[in-house]
Amino acid sequence: MASVKLGSKPDAFKRQGQAWFCTTGLPSDVTVEVGDMSFHLHKFPLLSKSAFLERLIEENSDQEECIVKLNEIPGGAKSFELVARFCYGVKIELSPANVVYLRCASEHLEMTEAVAEENLIAQSEMFLNQVVLRNWKDSLTALETCDDLLPHAEDLQIVKRCIESLASKATTDPNLFGWPIREHGMMQSPGGSVLWNGISTGARPRNFNSDWWYGDASSLSFPMYKRLISTMESRGIRPEIIAGSLTYYAKKYLPGLNRRHSHSMGAVATTSTLSEVEQKNLLEEIDRLLPVHKGVASTKVLLGLLRTAMILKASPTCISNLEKRIGMQLDQATLEDLLLPNFSYTMETLYNVECVHRILDHFLAMDQANGGESPCLDDVMASPSLAPITSVAKLIDGYLAEIAPDINLKPPKFQALASAIPEYARPLDDGLYRAIDIYLKAHSWLSEGEREQLCRLLDCQKLSLEACTHAAQNERLPLRVVVQVLFFEQLQLRTSIAGCLLVSDNLEGSRPLRSGITTSGEAGGWATAVRENQVLKVGMDNMRMRLAELEKECSSMRQEIEKLGGRAGKGGGGGGWASRVVPRRLGLKVRSQMCSAQEGSVSEQQRSMSAKLDKLQAKVSKQKKQLAVDA
């Protein structure tokens, strides 16, 4: 810290309790009272430096004891003690920590050059301009002292000059001014060629990072810090740098941000002594200062701010702004951070589902505003521009699975959040199926109609083979859903077996199924038509017809499996069966060398299909009995 020594006389001041005495050997002829402190001094040294004190002394000279009151002097007794020493020519040290006190006090006491040469106004102003404002650390120290000297420091433009000095240096390599600056710019290893006053230091400075000033600026009071940030913004500093500094400041003074994920939120020492009301006001101010650009603050930090805002009961405007900011970049969120607890006694659920739903609505509205459409499935799988919304769909499905065990979560609320995701955003419905299954397991008392309503969210054609296998044996699902799942599972199994053993020479007009297997355009159109018929045909007649068809298919599939098992073991593999049966039934060319490699998987599929068919036949028999009773 830079300093300048003024005066040359030895210290002649002595304190006794709440009084200061000048021990020059002459009796005191004036008493200056500043607050609770009294200074027993001499008239001549004071009036020779201060025009203001000269007038006060003259006004009280006719009294028996000259007493002067200086209750309005900036900085109080601390400032006047330094002024008195200066008036007596006693040695004092002008430093960034006291220069603002002396500058404001000297202005109040009218210590100008017209009264005496090299007076205190000129001395303090010169030190402030030529030393303090040229150094980051000294400017920061001076600005910190301004809080005790308002509005005098403001009137003298000291606050403005310090802030402008700091703002101009915030985008500059700290090694170019005030070397070294606290921890920044310190020498860290030998071998460099840095010179200091022409002497090689044998060390090199740290690499310059744009966030080097965050910790220093966080020591300012929020009014000063806010003005510093506003000045930096007006100078065109990048929004992400501003947001980073605001985040650092928030972590330091809002303990709620560090209670959770302290290992990943950054190592910021929390020194907050603010009350809850002060923390609430601080958070609302930080929300107003945060740039509105997408991605300037991490989603983790924004969700932490939102969680803290809920705890502190911040204003609805603040909470809404944070929700919108998170919605702009919801695809960057993690499931752990999205699990916002309910801090309201009026809500029964464990997690704040309504808040997440609002955040999702903001994301979807932004996606639509950016030209989002409803593409076909092939476009979803291929287009990188759809990666954000597919990521959000996966995130919401995971969130639904986490909140599903909450017994207080009502079906309409669960269904509303699940259905908010556009259909095209889910290439597969496995995550949604898992969430629904967990919900049905935790809410076993749901009626059949409520289960049906929930399961309408599922598209059975968008379930993977593994999910179909699980759903076909899931007793929690309504029978209508099981029938649909089994139908599409059978279709996928047939296609999978054909894809493993056969390769078509002519694939013109082909397209991938949702299961990832390629089939002809005719077959794809047929599958679509079947799906549409299933949606339209409901009621008891449709169920009877499906059960009859399903029983017939079971018998046919069992025969095919037995043939597959009997012929796969002959001739060292399935080549004979593949060359005779498959081409005749499907009209495709066999790639015989693939058969032996797939023998194990076919046998495994055979055993799995047999087990499923046994269970399916049991369900069919049970349903036929039920239908007979209903009839």
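Residues numbered from 1 in each chain as written. Predicted model: local features only at pLDDT ≥ 70, side-chain atom pairs only at ≥ 80, totals over all residues. Heavy atoms only, no water.

**Observations concerning the overall build of the protein chain**
Next, step 1: In terms of helices and strands, the protein chain carries 28 helices and 13 strands.
Next, step 2: Burial analysis of the protein chain (631 residues in total) assigns 45% to the buried set.
Next, step 3: A sequence separation of at least 24 residues applies to 68% of the contacts in the protein chain between residues at least 6 apart. (Helix = DSSP H or I, 4+ residues; strand = E, 2+ residues; numbered from the N terminus. Buried < 20%, exposed > 50% of the residue type's maximum accessible area, 1.4 Å probe, protein only. Contact = heavy atoms within 4.5 Å.)

**Digging into the pattern of salt bridges**
Pairing between side chains of opposite charge can happen when their charged atoms approach one another.
Next, step 1: All told, the structure shown has 21 salt bridges when counted by the stated rule.
Next, step 2: Residues R288 and E285 are paired through a salt bridge, measuring 3.0 Å at the closest nitrogen-oxygen approach. Taken together, the residues R288 and E285, both in helix 13 (residues 276-289) and three residues apart, mark about one turn of the helix.
Next, step 3: K410 is paired through a salt bridge with E348; the nearest N and O atoms lie 3.8 Å apart. Placement of K410 in the loop between helix 19 (387-403) and helix 20 (411-419) and of E348 in the loop between helix 16 (335-338) and helix 17 (353-369) is noted, with a sequence separation of 62 residues between them.
Next, step 4: For K410, a relative accessible area of 43% puts it in the partly exposed group.
Next, step 5: Taken together, the shared-partner salt bridges connect R103, E107, E125 and R161 into one network. (Salt bridge = Lys/Arg side-chain N within 4 Å of Asp/Glu carboxyl O.)

**With respect to the pairing of strand 3 (residues 19-22)**
Next, step 1: Where strand 2 (residues 13-16) and strand 3 come together, four bridges link them in antiparallel fashion. Residue pairing for strand 3: Q16 is matched across the bridge by A19.
Next, step 2: The antiparallel hairpin formed by strand 2 and strand 3 contains two residues in its connecting segment, where G17 sits at a positive phi of about 65°.
Next, step 3: Bridging between strand 3 and strand 5 (residues 37-41) involves three bridges; their strand directions are parallel. Looking across to strand 5, one finds that W20 is bridged to F39. (Pairing = 2+ DSSP bridges.)

**Remarks on the nonpolar core**
Next, step 1: Within the largest apolar cluster, 154 residues are counted, with the highest numbers of intra-cluster contacts made by V32, L41, L70, F80, W213 and L330.
Next, step 2: Ranked by residue count, the leading element in this core is helix 19, at nine residues.
Next, step 3: Dropping the residues within four chain positions of it, V32 is found in contact with M37, S38, F39, L41, L46, V68, L70 and F80. (Core = buried A, V, L, I, M, F, W, Y, C linked by side-chain atoms within 4.5 Å.)

**Focus on the packing of helix 17 against helix 19**
Next, step 1: At a minimum axis separation of 12 Å, helix 17 and helix 19 run at an interaxial angle of 170°. Considering their axes alone, helix 17 and helix 19 lie roughly antiparallel with respect to each other. Judged by residue contacts, V353, V356, L360, F363, L364 and D367 of helix 17 engage P388, I389, V392, I396, Y399 and I403 from helix 19.
Next, step 2: Among the residues forming the contact of helix 17 with helix 19, the class breakdown is 11 nonpolar, no polar and one charged. (Axes fitted to C-alpha atoms, helices over the stretch in contact; angles between N-to-C directions. Parallel < 35°, antiparallel > 145°, perpendicular 65-115°, else oblique. Nonpolar A, V, L, I, M, F, W, Y, C, P; charged D, E, K, R; others polar.)

**A closer look at the sheet that holds strand 3**
Next, step 1: Within the open sheet, the five strands sit side by side as 2-3-5-4-6. Their pairing is mixed. Both outer strands of the open sheet, strand 2 and strand 6 (67-69), are each paired with one neighbouring strand and no more. Mean inter-strand twist for the sheet, computed between neighbouring axes without regard to direction, equals 20°.

**A look at the packing of helix 10 (residues 222-234) against helix 13**
Next, step 1: It is the contact of helix 10 with helix 13, at a shortest axis distance of 12 Å, that shows an interaxial angle of 5°. Put simply, helix 10 runs roughly parallel to helix 13. Contacts between helix 10 and helix 13 involve F222, K226, S230 and E233 on the former and, on the latter, L282, E285, I286 and L289.
Next, step 2: The class makeup of the residues in the contact of helix 10 with helix 13 is four nonpolar, one polar and three charged.

**Some details on the environment of A250**
Next, step 1: As for its position among the elements, A250 is in helix 11 (residues 239-253).
Next, step 2: The residues touching A250, leaving out its near neighbours within four places in the chain, are L257, I286 and L305.

**Some thoughts on unusual backbone geometry**
Next, step 1: A cis amide bond links L150 with the next residue in sequence, P151, at an omega value of 5°.
Next, step 2: Here P151 is to be found in the loop between helix 6 (136-145) and helix 7 (152-155).
Next, step 3: Residue E110 is not a glycine yet carries a positive backbone phi of 55°.
Next, step 4: Overall, E110 belongs to the partly exposed group, its relative accessible area being 28%.

**With respect to the environment of E284**
Next, step 1: You can see E284 is positioned in helix 13.
Next, step 2: Using a relative accessible area of 9% as the deciding quantity, one classes E284 as buried.
Next, step 3: Residues E284 and N321, 37 residues apart in the sequence, show an inter-C-alpha distance of 9.9 Å.
Next, step 4: Dropping the residues within four chain positions of it, E284 is found in contact with A314, S315 and C318.

**Things to note about helix 21 (residues 430-442)**
Next, step 1: Compared with an ideal rise of 1.5 Å per residue, which puts 13 residues at 18 Å, helix 21 spans 18 Å between its outermost C-alpha atoms and is within 8% of the ideal.
Next, step 2: Residues L432, Y433, A435, I436, D437, Y439 and L440 constitute the buried set of helix 21.
Next, step 3: Those residues of helix 21 that are buried are in contact with helix 19, helix 20, helix 22 (448-455) and helix 23 (465-472). (Expected span 1.5 Å × (residues − 1).)

**Here we look at the side chain of T145**
Next, step 1: Within the secondary structure layout, T145 lies in helix 6.
Next, step 2: For T145, the residues in contact, after removing those within four places along its chain, are P96, A97, V100 and Y101.

**Overview of the packing of aromatic side chains**
Next, step 1: For the coordinates displayed, the defined rule picks out 10 aromatic pairs.
Next, step 2: Between F222 and Y225, the ring centres sit 6.2 Å apart and the planes meet at 40°, which makes this aromatic pair tilted. Of this pair, F222 and Y225 both sit in helix 10, three residues apart, which is roughly one turn of the helix. Taken as a pair, F222 and Y225 share a single burial class, namely buried.
Next, step 3: Pairing Y249 with Y253 gives two aromatic rings, centres 4.7 Å apart and planes at 40°, and the pair type is tilted. (Phe/Tyr/Trp six-rings, centres within 6.5 Å; stacked < 30°, edge-to-face > 60°.)

**A short note on the confidence of the model for the protein chain**
Detail in the predicted coordinates should be disregarded across regions flagged by low pLDDT.
Next, step 1: Per-chain confidence: the protein chain averages 77 in pLDDT, with 68% of residues scoring 70 or above.
Next, step 2: For the protein chain, the element scoring lowest by mean pLDDT is helix 27 (residues 575-586), at 36; helix 4 (residues 99-108) scores highest, at 96.
Next, step 3: Every residue in residues 177-203 scores below 50 in pLDDT, and together they form 55 contacts with partners more than four places removed in sequence or on other chains.
Next, step 4: For residues 261-267, every residue scores under 50 in pLDDT, and the model assigns this stretch 10 contacts once sequence neighbours within four places are set aside. (pLDDT = per-residue confidence, 0-100.)

**Considering the side chain of D406**
Next, step 1: Counting through the fold element by element, D406 comes out in the loop between helix 19 and helix 20.
Next, step 2: Here D406 is buried and forms no salt bridge, its nearest opposite-charge partner K413 lying at an N-O distance of 8.1 Å. (Lys, Arg positive; Asp, Glu negative; His and termini not counted.)

**A word on the environment of S8**
Next, step 1: Here S8 shows up in the loop between strand 1 (4-6) and strand 2.
Next, step 2: Once residues lying within four places of it in the same chain are set aside, the contact partners of S8 are G89 and K91.

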